Amino acid sequence: MARSKLATMRDAIAEHVNDGDTVALEGFTHLIPVAAGHELIRQRRQRLTIVRMTPDIVFDQLVAAGVATKMIFSFTGNSSVGSLHAIRRAIEHGDPRPLEIEEYSHYGLLGRYIAGASHLPFYPVRSYAGGDLPARNPNIRTVTSPFPAANGGTEEVYAVPPLHPDVAIVHAQRADRAGNVQAWGILGPQQEVAFAARRTVAVVEEVADDEVIRSDPNRTTIPGLAVDAVVECPRGAHPSFVQGYYDRDNEFYRSWPDISRDPDALREWLREWVYDLPDHDAYLAKLGPGYFDRLRPVPAMSTPVDYGSAL
Amino acid sequence: MTATSEPNLTGCTPSELLTVVSARCLRGRRRVFAGIGLPTLAVALAQATTEPGIEQVYESGVTGAHPPRLPQTIADAPLATGAECILGMHALFGYVLQGGRIDVGFLGGAQIDRWGSLNSTVIGDYAQPTVRLPGSGGAAEVMANAAEVFVVLRRHTPTSLVETLDFCTSPAPLRARRANPNVGTTGRGVTTVVTNLGVLTAADDGELTLSAVHPGVEVADVTAATGWPLRLAPEVAVTEPPTRAELEPLRERIDPTRVYLR
């Protein structure tokens, strides 16, 4: 039997994330590793470069808490319900401290993960010509194709370099003890970032028996060979959602701009909901029993498939 | 050429009008890349009226969505429930978008210029912006790779339709080709801009020109609200008011609780 990679959130973050590391916390609206972000804040990590295609509330919190000094991203916003004010204050006014940014479009940052995961010197994309981003980000360059274009002429594409985060943290529905991660629904760049990173921490709603994972191997989005730690943390993606487990807490997202706009209110929120709580269980207890009732999905079961073979 | 100045001639709200006009523009198109909000409503309305076969692709990788309730974001849980396919990011951006599978991409932005380049990055200077906006996301990819791009603007003002962008997030293919003729950008860029005042359409040279005003809007109102000297199309039509056949499905089936028809 494979070695168990189970760890508590506290131990996984303490062991795998060092001050000054580049840490990717991925998730595309779905499966955002919020509890892991809170643990980074609670353990008072410093000088992190935080990476995500779509920084949202938990990145606003990481910036407000002074955990991050740099952010690599391609779209930063709180969906359509308002701004991330801590990030805006840092970028617009250096308040309370500057936040260095390194910015791409979605395909550009995804390409950095793919190049990192595939051990390539760069990843080519057709975007960026004529835009202002390449002048602001020296990591976006052009490269000439060694092959003629369809019209026989020279063809150039833009190139982005590989990204190797020190740590990738992803959230998923379930994994076995060996770190075979199964996720379904909208997956974002989880597989790419897990393979690009030097170490990967998978946070899951539940640890599943080996038989459950092996009954549906195509559902395994990240194999154990790319996972270093498995943390069981139910509802650890709140206020984002986990398909089939709990829906998105849209009320929380709508409430965030008012908290985030006021530095004192944001500091108080971090104290009340992160620093003063020992762990995510305490966070759930503080939300109260029944909190997730309104977020409970209506079941929509998939039909089992037959993986059988002749003996 | 000019419309009457009587108000409320369309019998509907501004967001209903924007949705109906956008849906009409989708005639003949099959695969649409659209975000949440009015573009999603426009695709659903086109599906309910003139284009039953139209398909919407979401940036989250969902194709053939059949959401049991109206999604709140482009990656909301109901989009996955009952969907025909959920692609990974690599397939979505590489195979679908850059692969040239999209007929129309809907984009928004804080600023648009007369050639259809868009800014969704900053107001002011990049290094010390007055307002930091979300950034490109997939917008630069949509602009570069969709066959054409539609823009829906709730408010037509000289600060949103500008002579010069503060930052070019999503360069029009024309601008891209001028900057680097060796980079193959395949699309036509922005061909249609639907605003609360009228419709701008790209001329053959790519410049956005006024092709229609909504009922009750004067041509002069639109030119005054545009930050560049707005050229008129050879004919400036008056938008046909939304019909009952368009408004009924929109109000009763597509967004009955008026999440986006605010």
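The structure displayed is predicted, hence computed values, not measured ones.

With that settled, the discussion passes to the overall build of chain A. A count of helical and extended segments in chain A gives 11 helices and 12 strands. On C-alpha atoms alone, chain A measures out to a radius of gyration of 20 Å, which is about the 19 Å that the 2.2 N^0.38 rule sets for 311 residues. Summarising its shape, the C-alpha atoms of chain A cover approximately 65 × 65 × 35 Å along the three principal directions. Across chain A, the fraction of contacts at a sequence separation of at least 24, relative to all contacts at a separation of at least 6, is 75%. Just so you have it, chain A exposes about 13000 Å², and 50% of that area is on carbon and sulfur atoms. Side chains of chain A give 31 positive and 40 negative charges; the mean places of these two sets differ by 3 Å.

All right, on to the overall build of chain B then. Within chain B, the regular secondary structure consists of 8 helices and 14 strands. Referenced to the eigenvectors of the C-alpha coordinate spread, the extents of chain B come out at roughly 50 × 45 × 35 Å. Counting over 262 residues, chain B shows a buried share of 57%. By sequence separation, contacts in chain B at least 24 residues apart represent 66% of the contacts at least 6 residues apart. For chain B, the accessible area works out to roughly 10300 Å², and carbon and sulfur atoms hold 52% of it. Positive and negative side-chain charges in chain B, numbering 21 and 25 respectively, have mean positions lying 3 Å apart.

Right, let's talk about the interface of chain A and chain B for a bit. The interface of chain A with chain B comprises 48 residues on the first partner and 47 residues on the second. Of the roughly 4000 Å² buried between chain A and chain B on both sides combined, carbon and sulfur atoms contribute 57%. At the junction of chain A and chain B, the tally comes to 4 salt bridges. Notably, a salt bridge pairs B:R175 with A:D132, separated by 3.8 Å at the nearest N-O pair. The interface formed by chain A and chain B contains 17 residue pairs in polar contact (both at pLDDT 80 or more).

Right, let's get into the pattern of salt bridges. Tallying each qualifying case throughout the model produces 34 salt bridges over all chains. Each member of the salt-bridge network shares a partner with another, and the members are B:R114, B:E163, B:D205, B:E207 and B:R231.

With that settled, the discussion passes to unusual backbone geometry. In terms of backbone geometry, most residues other than glycine have negative phi values and most peptide bonds are trans. Residue and element names in this part refer to chain A. Geometrically, the link from D95 to P96 is a cis peptide bond, its omega value of 0 degrees lying close to zero. As for its position among the elements, P96 is in the loop between helix 4 (85–93) and strand 4 (100–103). Cis rather than trans, the peptide bond between H238 and P239 has omega equal to 10 degrees. Relative to the helices and strands, P239 is located in the loop between strand 12 (229–232) and helix 9 (250–261). Within the chain, R44 stands out as a residue other than glycine whose phi angle is a positive 55 degrees. When you line up the elements, R44 lands in the loop between helix 2 (34–42) and strand 2 (48–52). For R44, a relative accessible area of 55% puts it in the exposed group.

Residue and element names in this part refer to chain A. The tally for this structure, following the rule as stated, stands at 13 aromatic pairs over all chains. Measuring from ring centre to ring centre gives 6.4 Å for W184 and Y245, while their planes differ by 45 degrees; the resulting arrangement is tilted. Residue W184 is found in the loop between strand 9 (181–182) and helix 7 (190–196), and its partner Y245 is found in the loop between strand 12 and helix 9; the two are separated by 61 residues along the sequence. Taking the relative accessible area as the measure of exposure, Y245 reaches 25% and is therefore partly exposed. Between Y246 and F292, the aromatic rings sit 5.5 Å apart at their centres with planes inclined by 75 degrees, giving edge-to-face as the arrangement. With a gap of 46 residues between them, Y246 in the loop between strand 12 and helix 9 and F292 in the segment after helix 11 (280–287) connect regions that are remote in the sequence. Across the pair, F292 and Y246 agree in class, each one buried.

Turning next to the nonpolar core. Counting 138 residues, the largest nonpolar core has A:L25, A:I50, A:I169 and B:I112 as the members making the most contacts within it. Counting contributing residues per domain, this core is built from domain 1 (9–104 + 164–294) and domain 2 (121–160) of chain A, each supplying no fewer than three. Excluding anything up to four places from it in sequence, B:I112 contacts B:S117, B:L118, B:V151, B:L153, B:S160, B:L161, B:V162, B:L165, B:V190, B:V193, B:L208 and B:W228. Core analysis: the next-biggest nonpolar cluster, separate from the first, contains 29 residues, B:L18, B:L38, B:V43 and B:V199 among them.

Here is what the cut-offs are and how they apply
- Residues numbered from 1 in each chain as written.
- Chains lettered and ligands numbered in written order.
- Predicted model: local features only at pLDDT ≥ 70, side-chain atom pairs only at ≥ 80, totals over all residues.
- Heavy atoms only, no water.
- Helix = DSSP H or I, 4+ residues; strand = E, 2+ residues; numbered from the N terminus.
- Rg over C-alpha atoms; globule rule 2.2 N^0.38 Å.
- Contact = heavy atoms within 4.5 Å.
- Areas by Shrake-Rupley, 256 points an atom, 1.4 Å probe, with all protein chains shown as cover.
- Lys, Arg positive; Asp, Glu negative; His and termini not counted.
- Charge placed at Lys NZ, Arg CZ, Asp CG, Glu CD.
- Buried < 20%, exposed > 50% of the residue type's maximum accessible area, 1.4 Å probe, protein only.
- Buried area = accessible area lost by both parts, 1.4 Å probe.
- Salt bridge = Lys/Arg side-chain N within 4 Å of Asp/Glu carboxyl O.
- Polar contact = N/O pair within 3.5 Å; in protein donor to acceptor, adjacent residues only side chain to side chain.
- Phe/Tyr/Trp six-rings, centres within 6.5 Å; stacked < 30°, edge-to-face > 60°.
- Core = buried A, V, L, I, M, F, W, Y, C linked by side-chain atoms within 4.5 Å.
- Domains from an automatic or database assignment.

These values are about where atoms sit, not about what they do.
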